[in-house]
Amino acid sequence: MADASKDYVGSFPPGKKITVVFVIGGPGSGKGTQCAKIVNQFGFTHLSAGELLREEVKSDTEQGTMIKNLMQEGKLVPSDIIVRLLLKAMLESGNDKFLIDGFPRNEENRQAYENIVNIEPEFVLFIDCSLEEMERRILNRNQGRDDDNVTTVRRRFGVFQESTLPVIQHYEKLGKLRRVDGDRQPDIVFEDVKAVFAQLNIQTNQASHVSRAQTNPFKRWFLDLCCGCFDAQERRN
């Protein structure tokens, strides 16, 4: 099933390095603000599953109509459709670095992504924000609406916790979770986010140097020689 789904929208060339980062956070956690800053500073393409679904609904296609009907009926859009839309957008972007916002929302999303795209995320950025702060932000930006907002926000937060917590725990077990405190001002939060992405750049550059050395016989010999000298020095010490 995974291969058929991939053929449906295409795939990246074999051996091409693709960098994927998931960004997860509750409603009002500031994901969108941080994603915009990451795009500006680090050159990622920002993709939102929700935005892609809304764009597909606007399109005059059979799939767009089906998605619209599901949404109107209050039903969930199947994860494989969401993932195919993400993969299609990734392929059409021309970039090789992707920031996927608000995804995966649940374990079904995660499993569909692994089956169809099968590109392991470098890490998952979790904007960890308290219910009180998220509630304050959403109510402030929706001033003038009735008190039902409080109930709605809390219900959305409850759904987020119930659906997304298993995803967070999964990546935490893999050592791929990067948690930042989202309760603070956006610029302060971004200082922590920058440190996370700077580390990714260091790791990418190191991997690139090793890869070039492995494909160049002289560089590989020089690398082996340096490692041998270092080992000999360690034994003498």
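Preceding this section is the structure that the text describes.
Here goes a summary of the coordinates provided. Because the structure is a prediction, the values reported are computed rather than measured.

A few words on the nonpolar core. Core analysis: the largest hydrophobic core is formed by 34 residues, its most contacted members being Val20, Phe22, Met90, Phe103 and Tyr113. Elements represented by at least two residues in this core include exactly strand S1 (19-25), helix H3 (49-58), helix H5 (79-93), strand S3 (97-101), helix H6 (107-116), strand S4 (123-128) and helix H8 (148-173). No other element matches H5, which puts eight residues into this core. Setting aside chain neighbours within four positions, we find Val20 in contact with Met90, Phe98, Ile100, Tyr113, Ile119, Pro121, Glu122 and Phe123. Among the nonpolar cores identified, the runner-up in size contains 17 residues, and Val23, Phe42, Leu99 and Ile127 belong to it.

For the coordinates displayed, the defined rule picks out 17 salt bridges. A salt bridge links Lys88 to Glu92, with the shortest nitrogen-to-oxygen separation between them at 3.1 Å. Of this pair, Lys88 and Glu92 are both found in helix H5, four residues apart, which corresponds to roughly one turn of the helix. Put simply, Glu133 and Arg137 hold a salt bridge, and the shortest N to O gap is 2.8 Å. Here Arg137 and Glu133 lie together in helix H7 (residues 131-141), a separation of four residues that amounts to about one turn. An identical accessibility class is assigned to Glu133 and Arg137; each is buried. Overlapping salt bridges, with partners in common, bring together Glu107, Arg110 and Glu114 in one network.

The subject of this paragraph is helix H2 (residues 31-42). End to end, H2 covers 16 Å across 12 residues, agreeing with the expected 16 Å (1.5 Å per residue, within 8%). Residues of H2 that are buried include every one of Lys31, Gln34, Cys35, Ile38 and Phe42, and no others. Taken down its axis, H2 places every buried residue within 105° of arc, on the same side. Following H2 by one or two positions, Gly43 adopts a phi angle in the positive range, close to 75°.

Note that Thr151 resides in helix H8. With relative accessibility at 49%, the residue Thr151 sits in the partly exposed group. When the C-alpha positions of Thr151 and Glu135 are compared, they lie 9.8 Å apart, and in sequence the two are 16 residues distant.

Position of Lys31 relative to the elements: it lies in helix H2. One buried charged residue, Lys31, forms no salt bridge at all, with the nearest opposite charge on Asp101 at 4.3 Å. For Lys31, the side chain forms a polar contact with the main-chain oxygen of Gly25, separated by 3.4 Å. Setting aside anything within four residues of it in sequence, one finds Lys31 in contact with Val23, Ile24, Gly25, Gly26, Asp101, Gly102 and Ile127.

Before going further, it helps to examine the environment of Val83. Relative to the helices and strands, Val83 resides in helix H5. As for Val83 and Glu114, which are separated by 31 residues in sequence, their C-alpha atoms are 9.4 Å apart. When sequence neighbours within four positions are dropped, the list of residues in contact with Val83 reads Phe103, Asn109, Ala112, Tyr113, Ile116 and Val117.

About the cut-offs
- Residues numbered from 1 in each chain as written.
- Predicted model: local features only at pLDDT ≥ 70, side-chain atom pairs only at ≥ 80, totals over all residues.
- Heavy atoms only, no water.
- Core = buried A, V, L, I, M, F, W, Y, C linked by side-chain atoms within 4.5 Å.
- Buried < 20%, exposed > 50% of the residue type's maximum accessible area, 1.4 Å probe, protein only.
- Helix = DSSP H or I, 4+ residues; strand = E, 2+ residues; numbered from the N terminus.
- Contact = heavy atoms within 4.5 Å.
- Salt bridge = Lys/Arg side-chain N within 4 Å of Asp/Glu carboxyl O.
- Expected span 1.5 Å × (residues − 1).
- Arc of directions from axis to C-beta.
- Lys, Arg positive; Asp, Glu negative; His and termini not counted.
- Polar contact = N/O pair within 3.5 Å; in protein donor to acceptor, adjacent residues only side chain to side chain.

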